[in-house]
Amino acid sequence: MTPDPADAVTSHPADRAGIITRSRRIATEWLARVPWPVGAVLAVAAVMLGAVLIVRPTTSLGVLALLFGAGLVVAGLLELALPGIRRTGLRMLVAIALVLTGLVVLGLPGLTVRGLALVVGIALIVRGAIGTVLALTERGITLDRRIAETLLGLAAIVFGILALVWPDITLLVVAVVFGATLALTGMGALVALWRKRRDAASDVPASGEPASDGSAPDESTPDEPRPDEPRAETVARRWMRTIGALCAIALAAGALVAGVTLREGSPVVDEFYAAPRTVPGEPGKLIRAEAFTRGIPDGAVAWRILYTTTHGDGSPAVASGIVVAPGDGDAHPVIAWHHGTTGFDESCAPSLATDPFGSGAMFVLDDVIARGWTMVATDYIGLGTEGPHPYLIGEDSARAELDAVRAARDMDGTRLTEQTVAWGHSQGGGAALWSSAIAEDYAPDVPLDGVVALAPASDLTALVAHLPDVTGGSVFASFVMSGYSGVYPEVTFREYIRPGAEVTVREMARRCLAAPDMLVSVLSVLALTDDPEIFRKDPATGPLGERLTQNIPPAQPEIPVLLGQGMADELIDFTMQSGYAGALCGAGTYIDFRAYPDLGHLSLVEADSPAMDDAFAWTAERLEGVEASAACAAG
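Residues numbered from 1 in each chain as written. Predicted model: local features only at pLDDT ≥ 70, side-chain atom pairs only at ≥ 80, totals over all residues. Heavy atoms only, no water.

Draft legend 1. Quick peek at the overall build of the chain. Scanning the chain from N- to C-terminus turns up 21 helices and 10 strands. Scored against the burial criterion, the 635 residues of the chain give a buried share of 52%. Counted over contacts in the chain with a minimum sequence separation of 6, partners at least 24 positions apart contribute 78%. Accessible surface, the chain as shown: approximately 27,100 Å² in total, 62% of it carbon and sulfur. (Helix = DSSP H or I, 4+ residues; strand = E, 2+ residues; numbered from the N terminus. Buried < 20%, exposed > 50% of the residue type's maximum accessible area, 1.4 Å probe, protein only. Contact = heavy atoms within 4.5 Å. Areas by Shrake-Rupley, 256 points an atom, 1.4 Å probe, with all protein chains shown as cover.)

Draft legend 2. Summary view of the packing of helix 12 (residues 394-409) against helix 13 (residues 427-442). The interhelical angle for the contact between helix 12 and helix 13, taken along N-to-C directions, is 65 degrees, at an axis separation of 8 Å. The angle between helix 12 and helix 13 falls in the class roughly perpendicular. Handedness of the crossing formed by helix 12 with helix 13: right-handed. Contacts between helix 12 and helix 13 involve Gly394, Glu395, Ser397, Ala398, Arg399, Glu401, Leu402, Asp403 and Arg406 on the former and, on the latter, Ala431, Trp434, Ser435, Ile438, Ala439 and Tyr442. Per-class residue counts for the contact of helix 12 with helix 13 are seven nonpolar, three polar and five charged. (Axes fitted to C-alpha atoms, helices over the stretch in contact; angles between N-to-C directions. Parallel < 35°, antiparallel > 145°, perpendicular 65-115°, else oblique. Left-handed = near helix turned anticlockwise from the far one by under 90°. Nonpolar A, V, L, I, M, F, W, Y, C, P; charged D, E, K, R; others polar.)

Draft legend 3. Seen up close, the pairing of strand 7 (residues 450-454). Across the five residues that make up strand 7, a large majority, five, are buried. Across five bridges, the pairing between strand 6 (residues 416-425) and strand 7 is parallel. Across the sheet, His425 pairs through a bridge with Leu454, a residue of strand 7. With helix 13 bridging strand 6 and its parallel neighbour strand 7, the resulting β-α-β unit is right-handed. Relative to strand 8 (residues 561-566), strand 7 is paired through four bridges, and the arrangement is parallel. Its bridge partner being in strand 8, Val451 is matched across the sheet by Val561. (Pairing = 2+ DSSP bridges. Right-handed = clockwise from strand over helix to strand, strands pointing away.)

Draft legend 4. Fine view of the state of the cysteines. Following the criterion strictly, the structure yields one disulfide and no others. Here Cys348 pairs with Cys512 through a disulfide, and the sulfurs are 2.1 Å apart. The disulfide joining Cys348 to Cys512 has a torsion of about -90 degrees about its S-S bond and is therefore left-handed. Of this pair, Cys348 sits in the loop between strand 4 (332-338) and helix 11 (365-370) while Cys512 sits in the loop between helix 17 (502-509) and helix 18 (518-527); the two residues are 164 residues apart in sequence, bridging distant segments of the chain. Note on accessibility: Cys348 and Cys512 belong to one class, buried. (Disulfide = S-S within 2.5 Å.)

Draft legend 5. How the structure looks around the packing of aromatic side chains. This model, assessed by the stated rule, comprises eight aromatic pairs. Each ring, one from Trp423 and one from Phe616, has its centre 5.3 Å from the other, and the planes form 75 degrees; the classification is edge-to-face. Here Trp423 is found in strand 6, whereas its partner Phe616 is found in helix 21 (residues 610-623), with 193 residues between them in sequence. Overall, the relative accessible area of 5% leaves Phe616 in the buried class. Geometrically, the ring pair formed by Tyr484 and Tyr488 is tilted, given 5.5 Å between the ring centres and 55 degrees between the ring planes. (Phe/Tyr/Trp six-rings, centres within 6.5 Å; stacked < 30°, edge-to-face > 60°.)

Draft legend 6. Just helix 15 (residues 473-487), in detail. Taking 1.5 Å as the rise per residue, helix 15 with 15 residues should run 21 Å; its terminal C-alpha atoms sit 21 Å apart, in good agreement. Looking at helix 15, one finds that the buried residues are Gly473, Ser474, Val475, Phe476, Ala477, Ser478, Phe479, Val480, Met481, Ser482, Gly483 and Tyr484. (Expected span 1.5 Å × (residues − 1).)

Draft legend 7. Local environment of a negative patch on the surface. A cluster of acidic residues, Asp298, Asp366, Asp367, Glu606, Asp608 and Asp613, forms a negative patch on the protein surface. Along the polypeptide, Glu606 turns up in the loop between strand 9 (591-596) and helix 21. A residue is classified by how much of its surface remains accessible, and Glu606, at 34% relative accessible area, is partly exposed. (Patch = residues over 30% accessible without salt bridge, like charges linked within 9 Å, V, L, I, M, F, W, Y side chains within 5 Å. Salt bridge = Lys/Arg side-chain N within 4 Å of Asp/Glu carboxyl O. Lys, Arg positive; Asp, Glu negative; His and termini not counted. Charge placed at Lys NZ, Arg CZ, Asp CG, Glu CD.)

Draft legend 8. A look at a nonpolar patch on the surface. Together, Leu118, Ile122, Val126, Ile161, Leu164 and Val165 line one region of the surface with nonpolar side chains, adding up to about 500 Å² of accessible area. Among the elements of the structure, helix 6 (113-137) and helix 7 (143-165) are those that each provide at least two residues to the nonpolar patch. If you trace the backbone, Ile122 turns up in helix 6. Judged by relative accessible area, which is 42%, Ile122 ranks as partly exposed.

Draft legend 9. Structural detail: the side chain of Thr150. Looking at where Thr150 falls in the secondary structure, it is placed in helix 7. We classify Thr150 as buried; its relative accessible area is 14%. Here Arg146 takes part through its backbone oxygen, which lies 2.7 Å from a polar atom of the side chain of Thr150. In contact with Thr150, other than residues within four places in its own chain, are Thr132, Ala135 and Leu136. (Polar contact = N/O pair within 3.5 Å; in protein donor to acceptor, adjacent residues only side chain to side chain.)

Draft legend 10. Expanded view of the packing of helix 15 against helix 19 (residues 542-550). It is at 11 Å that the axes of helix 15 and helix 19 come closest, and there the two elements cross at 95 degrees. Judged by the angle between their axes, helix 15 and helix 19 are roughly perpendicular. Residues Val480, Met481 and Tyr484 of helix 15 touch helix 19, and the partners they reach there are Leu544, Arg547 and Leu548. A breakdown of the residues in the contact of helix 15 with helix 19 according to their chemical character gives five nonpolar, no polar and one charged.

Draft legend 11. Just unusual backbone geometry, in detail. Geometrically, the link from Gly387 to Pro388 is a cis peptide bond, its omega value of 10 degrees lying close to zero. For Pro388, the position within the fold is in the loop between strand 5 (374-381) and helix 12. A positive phi is found at Leu392, a non-glycine position, where the angle reads about 60 degrees. Assignment of secondary structure puts Leu392 in the loop between strand 5 and helix 12. The backbone of Asp598 shows a phi angle near 70 degrees, a positive value even though the residue is not glycine. The topology assignment puts Asp598 in the loop between strand 9 and helix 21.

Draft legend 12. Helix 19, seen in detail. Burial in helix 19 covers these residues: Leu544, Gly545 and Leu548. One side of helix 19 carries all its buried residues, which in axial view fall inside an arc of 100 degrees. Among the structural elements, helix 14 (460-466), helix 15 and helix 16 (493-496) are those in contact with the buried residues of helix 19. (Arc of directions from axis to C-beta.)

Draft legend 13. Quick look at the pattern of salt bridges. Applying the stated rule across the entire model yields 11 salt bridges. In this structure, Asp270 engages Arg304 in a salt bridge whose closest nitrogen and oxygen atoms are separated by 3.3 Å. Remark: Arg304 occurs in strand 2 (residues 300-310) and Asp270 occurs in the loop between helix 10 (235-264) and strand 1 (286-291); sequence separation between them is 34 residues. For Arg622, the salt bridge goes to Glu621, with nearest N and O atoms at 3.4 Å. The structure contains a network of salt bridges with shared partners spanning Asp270, Glu290 and Arg304.

Spelled out as structure tokens, the structure:
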């Protein structure tokens, strides 16, 4: 069969190259004729979209997806229509790919954070890789431009990788960087369009553009600089491009180093916290203990301990903690310390933290030891030991502390009297109230002489409903959802958390408040200032609402309680706390409620706080056997 001559011609490599060159020339000529108002509209849109991404990375995931999608489309169209660009086949392919990627993002309204991170991350990596290849291989460009475009390509690759491995920073770094790139592209397009109009008015053809007589630009030597290219590449423009590239690579390198540093700075659970194969069946039994020196006052001795306890349903568990005692060898009364929130992840145990006591808001350990008291502090179940951590789940947390006191009595080197006062702050304040509620039945061998609850997490339904109104409240909400869904099967993320927010919530729950990488969660929350609500339905309703109500510390008539609350506390609302205290009074609890004007959530428990002076004086009276003077007194 005789081949078609046309096929023979087009199959020759040289002819195929000619066809590609002619096609590119036709495309270039067509793009060069795009009316300047169209380019101006695209450029202005790029600047506006970029500015919104920079100033407000997102008000919601849906808005972020729209901004990214529209931005990718505009960036691709600008790259196709921008005057003065030498359009190689690869550059045109990149531009088309950007447009298609943007359309995909716009066409998927239910895109999650992880899905958006995947799309944007891959797009950045591909564009950065192609840009780097072009910068290194394209002929006829100046050295400074080659270096600048290489750095920009590498920066895009770094940001793309970060978006893939750390999804929730997509809300921050990637959004801001993409916004800045988009805005700069738009401003550059406006400058190029202005130059095109100026040159057209003076009959001077811009690089790659048809002359005023309509003739096509000279492409006889497409790989060499055109005579008018030096005019296009002004010194100011070359400096701006170089400075922008250096800033981009510096930001990328900083983000990469920060990411590695933040992750490496987080605590690591060591072998001490691993349960042995054979665990004592009785709660409150010491498994192991070892000397502990981090943050210990002079003249004191300390140990970290691993011991047995039980969940609220009676199933066995293992917990860890710290025991700190005066070093005189005498017998001492016990302060059973229930620490404030440190996080939800296993690595968030105070005994693992760089500041083991300050991380849980115990700022007065020196004074406790100076008064001749021993402090026994649980990490709670699931912090240090195997989780999940029962965050704001009262009886589980109370059992862990009461069993810590039992285990401390088994240690060599400590002598404890039976006198015990439970202290707690925030999460720990609620746990301390629960200790008083269950001590008589669960641990009659650990009788409590009193409870000091400072800004306790008491009315949990009101507290969780209030979290969206608190700066940083989404972090605590992530701990609540992780704890309750981990302990109660009927409480699910699907029912309560917005689909687009689930990845962010789970990532926040993996970070400890005292760890460096919590900075990312805090920044994520600040980025969501206008839309801090992560819940898709009212958390006070349904299974979660029922479980929150179930974990409100109940009234108990036997053990006196000192409840202190700062009136300037933004996390634990004073009105909510006073209402809870009033309810306890009405139910017969022996409570001394004291209000402290101008004190916030943490300043309430700092060493110079009048609340701590009251706590020491009130505790000393209970340990000395002085009967509490007034029930339901309001301070």
